[in-house]
Amino acid sequence: MGLAAHPARRFVYAEVAFLARWWQQQDTATRRLVTELVQQGRLEFVGGGWCMSDEATAHYGAALEQLGLGRRLLRRLFGACGTPRVAWQIDPFGHARDLAATFAQVGYDGLFLGRVDHQDKRARLQRRELELLWRGSTSLEPPRADIFTGILPNMYNPPTGLCWDQLCSDPPVVDGDGPERNVDAVVTSFLQAAHSQAQQYRTNHILMTMGSDFHYENAHLWFKNLDKLIVHTNARQANGSRVHALYSTPSCYLRELHRANLTWPLKTDDFFPYSDGPHQFWTGYFSSRPALKGYERLSSGFLQVCSQLEALAGPSVRGGPYGPGDSSVLREAVAVAQHHDAVAGTERQHVANDYARQLARGWDSCQVLVANALSLLGGTKAPFEFCNGLNVSVCPLSETSPHFTVILYNPLAWPVAWPVRLPVKGSSYAVSDPQGRPVASQVVPVSGVTQRLRGGAGGAPGELLFQARAPPLGFSTFEVKQVSPGGPREPPRWSSGDLEPWIENEHLRVLFDPVTGHLREIQNLARGFSLPVFQSFYWYNASTGDGQSPQASGAYIFRPNGSTPFPVAERAATHLLKTAVVQELHQNFSAWCSQVLRLRPGQPYLELEWTLGPIPVADELGKEVISRFQTPLRTAGRFYTDSNGRQVLERRRDYRPTWNLSQSEPVAGNYYPVNTRIFIKDQKVQLTVLTDRSQGGSSVLDGSLELMVHRRLLRDDGRGLAEALDEPGQDGRGLVVRGRHLVLLEPAAAAADLHRPRAQEMVTPPYLVLAPGPGPHLREFSGLRRALPPNLHVLSVEPRGAGTLLLRLEHLFERGESRNGSQPVTVDLTTLFSAFTITSVREMALGGDVPLDSVSRLLWNTPTGIPKPRPVPPLDPRSVRLEPMEIRTFLASVQY
């Protein structure tokens, strides 16, 4: 092993998923050697997550899960010496503030970045501000979310001419006396690079990364040349050189910076969007591979369902009546899907297919576990059916059985009302709730768009609709019996050309243009105000990188060849469906673009279900499709997007908070990642759109907001993929994707009270399971003794060995964004859960791998002084207080 051959050598390693697989293949002697290298500090783990997660498109819950999974394995294999002290995000394409806050709260001393915007880096280089203190939250008291952040000089590559891997083309260091000797020139080049870099940083220590993509397959080449470089560089000191070269690690470098006792600049915004040239904004990947992004989000939510039920049902759930079930398969699949070339959508097609395959395998294993849990909790051994095709209205049991039961599991900490929509062949059904009371229901025809998606012929002709309710961390059962056979009766419909159409419930009335069929106005009936809102679909013509415009749009980069998008259609063919359980307006813009706008009783938001694809490219034009909302709101160039689904950041068009932006791409240069929400507002009114997956979004015109929902491109953008983003879809003709947006219209001061809990429902939605006949004996169950308020969320309930659970509680609101929601909350852990009794609790750092009272982080001088952390108070599990944006993590011993 190259590292072990010389005691001075050092190596850093980041992504634990690879290590976990490699470790399984090693013999005892190799494992012992690796452990010794870790204990001696010669092998240092950095980052330590299951992967190096993406920062734009990864949700904070999944990003935290993968970080904890990797760190936990490192601690199990190598003890305290295996616990990383430095976060290592050297390849993601932009950096999120909430993830910086996560790294700080997990316990890292510092964070190193490889990629920042070329203009930002140039400005920082001139000011010698490539190293800074990043304040990751405006809600948490400093320094809880503060992390020292360093921007590496060469991304993650070695200085020019000093690359000695088998993949490199630089000549090796030759230090003999023969004619090929080049060591003097190599050392001179190295010294020049060192002096140049030293001018850009503020201490007499500088860090050089010696490696790159796919390097160190032959570590001997690298180490042999570096050994020579170090020896001959240090020999120059005899001739007056002031450079001393040595092998080191990021944590050693960080300690030297801390000893320098300098005052570091403070940053409070984020590092989005990233560009590496004037027309190269990496904002396309915010929306690339929308189906995979949607599947990852669904999978992350189902992992929480699986993990909760595993914890609530107890240890015997893994070997229940339906066979061995395991959440670890899905946990690892979701974790690796957070990689910066996975959920980001920047992998090749066959790799994307493999990520989806791994997720599907995880679903299979978790569904067995969920069936076991429902059997144990509900007292039944009836077969359960999981309807994985409900997005195209496919569910064999509901389609063929005249008598079945719907079980709705709610992973949220408050009760939910949830719409159930099942394919059926009868014309009417009787639905009863857990107490045997009738529930209003209706059978409506399956839409023509859905029929096409499932292959046209075959399948149930109707859909049974009803509203189900479920208690917190629990399930409710709804018995369904067919009353009349014969398919759905056609309800009354409105078609284009009739009187002005609208849909409404007790909260909202939504009006449409009778000529064009477009959304025209939203009225908030409960609050007594309205807003003209126009919504439609458009596409940007993707630059092909030809002629005068050398940069193409691709999986990474968004580059339209004009600022004005083309409408998919000037008008939509429409029809209206009004029943007691739902009101819908169906819009058909083209053969590849349609939408349903939907209101149900009790629903304080408008649901938009869009179906797009295959995007036509016979005209040889790549297309980037957006949904745009236009209003008369006076927004002064400002709009708001979330950070990893948690914090909300203000954005300003053609502006960056930390440098004077020279804007060269008026559309792509104003796109930001939207993980769960984007909104615009004036002094009184806020229009919020919630997403069901990560997308790119912006407000390129005052009063408007847009979200990119689909992309199909015919050129590669030259950033390493070497493949056009042209997804074939199921039939090879192009990808069809279906998704949802929720539109909320509220007074600006009260908007967070609605969008915070609704966004959480989108991320961890209730889950449907079916059973034939009457289903479980226990008709209703809640894992909580009482519901939590809507500003408090149970983020994690995860088994951690015999009689031990990991619990995370989080405050969903930011400081000052809501009069009631932003108040601190206190909860009694000892009486919170009904399925088990907590006998002892220890508070952990956010990653769940180290006790909170053992965390000691480096403190840094800022222009306003050194923030001092508060001492960890004694834990009283009967009175756990959460401040805005706070997540508290506990390891609990429990008895069932």
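Criteria and cut-off values
- Every chain's residues receive numbers from 1 upward, in the order its sequence appears when written.
- Given that this is a predicted model, residues contribute local features only at a pLDDT of at least 70 and side-chain atom pairs are listed and counted only at 80 or more, while totals for whole chains, interfaces and linings are drawn from all residues.
- Each side-chain value is derived from all of the structure's non-hydrogen atoms; neither hydrogens nor water enter the calculation.
- Runs of H or I in DSSP of at least four residues are treated as helices and runs of E of at least two as strands, each being numbered from the N terminus.
- Accessible area is worked out with a 1.4 Å probe on protein chains only. A residue is then buried under 20% of its type maximum, exposed over 50%, and partly exposed in between.
- A strand pair is defined by DSSP finding two or more bridges across the two strands.
- By convention, a stacked pair of Phe, Tyr or Trp rings (six-membered ring in the case of Trp) has centres within 6.5 Å and planes under 30 degrees apart, an edge-to-face pair has planes over 60 apart, and any other such pair is tilted.
- Geometrically, a charge over a ring is one whose NZ (Lys) or CZ (Arg) sits within 6 Å of the ring centre while staying within 35 degrees of the ring normal.
- By nonpolar core we mean a set of buried residues, namely Ala, Val, Leu, Ile, Met, Phe, Trp, Tyr and Cys, connected to one another through side-chain atoms within 4.5 Å.
- Here, residues are in contact when the closest pair of their heavy atoms is within 4.5 Å.
- A fitted line through C-alpha atoms serves as each axis, taken over the contacting stretch for helices, and the angle formed by two N-to-C directions is quoted from 0 to 180°.
- By disulfide we mean two sulfur atoms from cysteines, separated by a distance within 2.5 Å.
- Any angle that falls under 35 degrees is termed roughly parallel, while one over 145 is termed roughly antiparallel, one within 65 to 115 roughly perpendicular, and all others oblique.
- Each crossing gets its hand from how the near helix is turned against the far one by less than a right angle, where anticlockwise is left-handed and clockwise is right-handed.
- Three residue categories are used. Nonpolar comprises Ala, Val, Leu, Ile, Met, Phe, Trp, Tyr, Cys and Pro, charged comprises Asp, Glu, Lys and Arg, and polar comprises the others, including Gly.

Let's talk about unusual backbone geometry
Okay, step 1: Residue Pro273 follows Phe272 across a cis peptide bond; omega there is -15°.
Okay, step 2: Note that Pro273 resides in the loop between strand 7 (266-267) and helix 9 (290-313).
Okay, step 3: Looking along the chain, the bond that leaves Gly613 and enters Pro614 is cis, with omega of -10°.
Okay, step 4: By the secondary structure assignment, Pro614 is in the loop between strand 26 (606-612) and strand 27 (623-630).
Okay, step 5: A positive phi is found at Phe214, a non-glycine position, where the angle reads about 65°.
Okay, step 6: Among the structural elements, Phe214 can be located in the loop between helix 6 (183-198) and helix 7 (219-235).
Okay, step 7: Residue class for Phe214 comes out exposed when judged on its relative accessible area of 66%.
Okay, step 8: The backbone of Ala722 sits at a positive phi, close to 55°, despite the residue not being glycine.
Okay, step 9: With respect to the secondary-structure elements, Ala722 resides in the loop between strand 34 (704-712) and strand 35 (737-747).
Okay, step 10: Judged by relative accessible area, Ala722 falls into the exposed class, the value being 55%.

Side note on the pairing of strand 34
Okay, step 1: The element strand 34 is largely enclosed, with a buried count of nine among its nine residues.
Okay, step 2: Summarising the sheet, strand 27 and strand 34 pair through eight bridges and their orientation is antiparallel. Across the sheet, residue Lys623 finds its bridge partner in strand 34, namely Arg712.
Okay, step 3: Linking strand 33 (residues 695-698) back to strand 34 in an antiparallel pair, the connection comprises five residues, with Gly703 at a positive phi of about 80°.

So, the packing of aromatic side chains
Okay, step 1: Applying the stated criterion across every chain yields a total of 38 aromatic pairs.
Okay, step 2: Every member of this aromatic cluster is reached through a ring pair, and the members are Phe93, Phe272, Tyr274, Trp282, Tyr285, Phe286 and Tyr556.
Okay, step 3: A cation over a ring is seen here: Arg71 above Tyr108, with NZ or CZ 4.9 Å from the ring centre.
Okay, step 4: Across from the ring centre of Tyr60, 5.3 Å away, lies the NZ or CZ of Arg646, which sits over that ring.

Regarding the nonpolar core
One broad rule of soluble globular proteins: the nonpolar side chains tend to lie buried together.
Okay, step 1: Counting 169 residues, the largest nonpolar core has Trp88, Val406, Phe466, Leu606 and Phe833 as the members making the most contacts within it.
Okay, step 2: Examining the composition of this core, we find that nine residues originate from one element, helix 11 (residues 349-378), more than from any other.
Okay, step 3: Those residues in contact with Phe833 that lie beyond four places of it in its chain are Leu473, Gly783, Leu784, Arg785, Val797, Leu807 and Ile838.
Okay, step 4: Within the second largest apolar cluster, 45 residues are counted, among which are Val16, Val38, Leu191 and Leu229.

A short note on the sheet that holds strand 41 (residues 837-844)
Okay, step 1: Strand order in the open sheet formed by four strands is 38-39-43-41, with antiparallel pairing between adjacent strands. The two strands at the open ends of the sheet, each matched to only one other strand, are strand 38 (792-799) and strand 41. Neighbour-to-neighbour, the strand axes of the sheet open up by a mean angle of 25°, direction not taken into account.
Okay, step 2: Direction of pairing for strand 41 relative to strand 43 (residues 887-895): antiparallel, over a ladder of seven bridges. Its bridge partner being in strand 43, Glu843 is matched across the sheet by Phe890.
Okay, step 3: Across the sheet, helix 9 is in contact with strand 38 and strand 39 (804-811); its angle to strand 38 comes to roughly 65°.

Here we look at helix 10 (residues 328-336)
Okay, step 1: Every buried residue belonging to helix 10 is among Leu330, Arg331, Ala333, Val334, Ala335 and Val336, and all of these are buried.
Okay, step 2: Buried residues along helix 10 sit in contact with helix 3 (60-78), helix 9, helix 11 and strand 38.

Focus on the state of the cysteines
Okay, step 1: A full pass over the atoms with the stated rule returns three disulfides.
Okay, step 2: Each disulfide pairs two cysteine sulfurs, and for Cys163 the partner residue is Cys168, the sulfurs being separated by 1.9 Å. Accessibility assignment for this pair places Cys163 and Cys168 in one class, buried.
Okay, step 3: Sequence-ordered numbering of the disulfide-bonded cysteines in the protein chain gives the connectivity 1-2, 3-4, 5-6.
Okay, step 4: Cys51 carries a free sulfur, and the closest cysteine sulfur to it, the one in Cys366, is 18 Å from it.

What to know about the packing of helix 10 against helix 11
Okay, step 1: Contact geometry of helix 10 with helix 11 gives a least axis separation of 7 Å together with a crossing angle of 155°. Compared by their axis directions, helix 10 and helix 11 come out roughly antiparallel. Helix 11 is crossed by helix 10, and the crossing has left-handed handedness. Seen from helix 10, the contacting residues are Val329, Leu330, Ala333, Val334 and Val336; seen from helix 11, they are Tyr355, Gln358, Leu359, Arg361, Gly362, Trp363, Ser365 and Cys366.
Okay, step 2: Broken down by class, the residue content of the contact of helix 10 with helix 11 amounts to nine nonpolar, three polar and one charged.

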